[in-house]
Amino acid sequence: MIERVRIREELLEYLLELARDFYPNEFAGFLREKGGVFEEVLIAPGGHFGRTSAFFNTWMLPLDEEIKGTVHSHPDHVCSPSPQDLWFFSKFGGVHLIICYPYSAADVVAYDSEGNPLEIDVVP
Ligand SMILES: [Zn+2]
């Protein structure tokens with residue numbers, strides 16, 4: 001069972017920047033892990049995960065083995081997963097970050113594939 005998420009500090013800062021840049025729209029991406037730490041993001045076109053099954057199908061197929069999670073932003077101060085988010089998390093597995101407005105380091109919440117919150121360890 002996953003209880004903690006380890007993420008590189010530079011990546012976390014970059015994700016916060018992306019969330020601000022995309023505001024008032026949402027951004028979504030896949031997180032690539034190396035040695036147990038999330039190190040890279042691959043931005044997904046078209047915004048939010050799980051809004052349409054077409055989006056989901058397009059993006060589930062080409063994933064590489066190092067992709068162990070997802071990230072997306074919420075343009076409001078709701079850091080909890082929507083019903084579509086939970087559906088997507090359960091299909092995808094892994095861990096999922098939600099960054100909500102105003103996109104400070106305190107506005108990042110990690111969830112497992114069942115929607116349970118996880119601790120985040122920021123790795124310098
Ligand atoms: Zn969401």
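Residues numbered from 1 in each chain as written. Predicted model: local features only at pLDDT ≥ 70, side-chain atom pairs only at ≥ 80, totals over all residues. Heavy atoms only, no water.

Per an unreviewed UniProt entry, the chain carries the name Metalloprotease and comes from Thermococcus profundus.

This part is about the overall build of the chain. For the chain, the count of helices and strands is three helices and seven strands. In the chain, the succession of α and β elements from N to C terminus is β-α-β-β-α-β-α-β-β-β. Counting the 124 residues in the chain, one finds 44% classified as buried. When the accessible surface of the chain is summed, it comes to about 6,500 Å², and 52% of that surface belongs to carbon and sulfur atoms. (Helix = DSSP H or I, 4+ residues; strand = E, 2+ residues; numbered from the N terminus. Buried < 20%, exposed > 50% of the residue type's maximum accessible area, 1.4 Å probe, protein only. Areas by Shrake-Rupley, 256 points an atom, 1.4 Å probe, with all protein chains shown as cover.)

All right, on to the state of the cysteines then. Within the structure shown, the criterion is met by one disulfide. Disulfide pairing places C79 opposite C100 at an S-S distance of 1.7 Å. Because the torsion about its S-S bond is -85°, the bridge between C79 and C100 counts as left-handed. Within this pair, whereas C79 is found in the loop between β4 (67–74) and α3 (83–92), its partner C100 is found in strand β5 (residues 95–100), the two being separated by 21 residues in sequence. As far as the burial class goes, C79 and C100 line up, both buried. (Disulfide = S-S within 2.5 Å.)

Let's shift gears to helix α1 (residues 9–22). Along an α-helix, residues three or four positions apart point the same way, because every turn accommodates 3.6 residues. Between its first and last C-alpha, α1 extends 20 Å over 14 residues, near the 20 Å set by a 1.5 Å rise per residue. Among all positions of α1, only L11, L12, L15, L16, L18 and A19 are buried. Looking down the long axis of α1, one finds its buried residues gathered within 160° of arc, a one-sided arrangement. Opposite its buried face, α1 presents the exposed residues E10 and D21, each directed more than 90 degrees away. (Expected span 1.5 Å × (residues − 1). Arc of directions from axis to C-beta.)

Turning to the pairing of strand β1 (residues 4–8), a few remarks are in order. The side-chain alternation of β1 yields one buried face, formed by V5 and I7, and one unburied face, formed by R4, R6 and R8. Across five bridges, β1 lies against strand β7 (residues 117–123) in parallel orientation. Of the residues in β7, the one forming a bridge with I7 is V122. (Pairing = 2+ DSSP bridges.)

Membership of the largest hydrophobic core comes to 20 residues, with the highest contact counts inside it found for L15, L31, V71, L97 and I99. Mapped onto this core, the elements with two or more residues apiece are β1, α1, β3 (37–44), β5 and β6 (108–112). Looking at which element gives the most residues to this core, the answer is α1, with six residues. Apart from residues no more than four positions distant in its own chain, I99 is found in contact with L15, L16, A19, F27, V71, H72, S73, H74, D107 and V108. Counting residues in hydrophobic clusters, the runner-up holds nine residues, among them F30, F88, F89 and I98. (Core = buried A, V, L, I, M, F, W, Y, C linked by side-chain atoms within 4.5 Å. Contact = heavy atoms within 4.5 Å.)

Glancing now at the side chain of D112. Along the chain, D112 turns up in strand β6. One buried charged residue, D112, forms no salt bridge at all, with the nearest opposite charge on R4 at 13 Å. (Lys, Arg positive; Asp, Glu negative; His and termini not counted. Salt bridge = Lys/Arg side-chain N within 4 Å of Asp/Glu carboxyl O.)

A separate point is a negative patch on the surface. There is a patch of like negative charges on the surface, built from E9, E10, E13, E17 and D21. Relative to the helices and strands, E13 resides in helix α1. Of the residues examined, E13 reaches a relative accessible area of 45% and is grouped as partly exposed. (Patch = residues over 30% accessible without salt bridge, like charges linked within 9 Å, V, L, I, M, F, W, Y side chains within 5 Å. Charge placed at Lys NZ, Arg CZ, Asp CG, Glu CD.)

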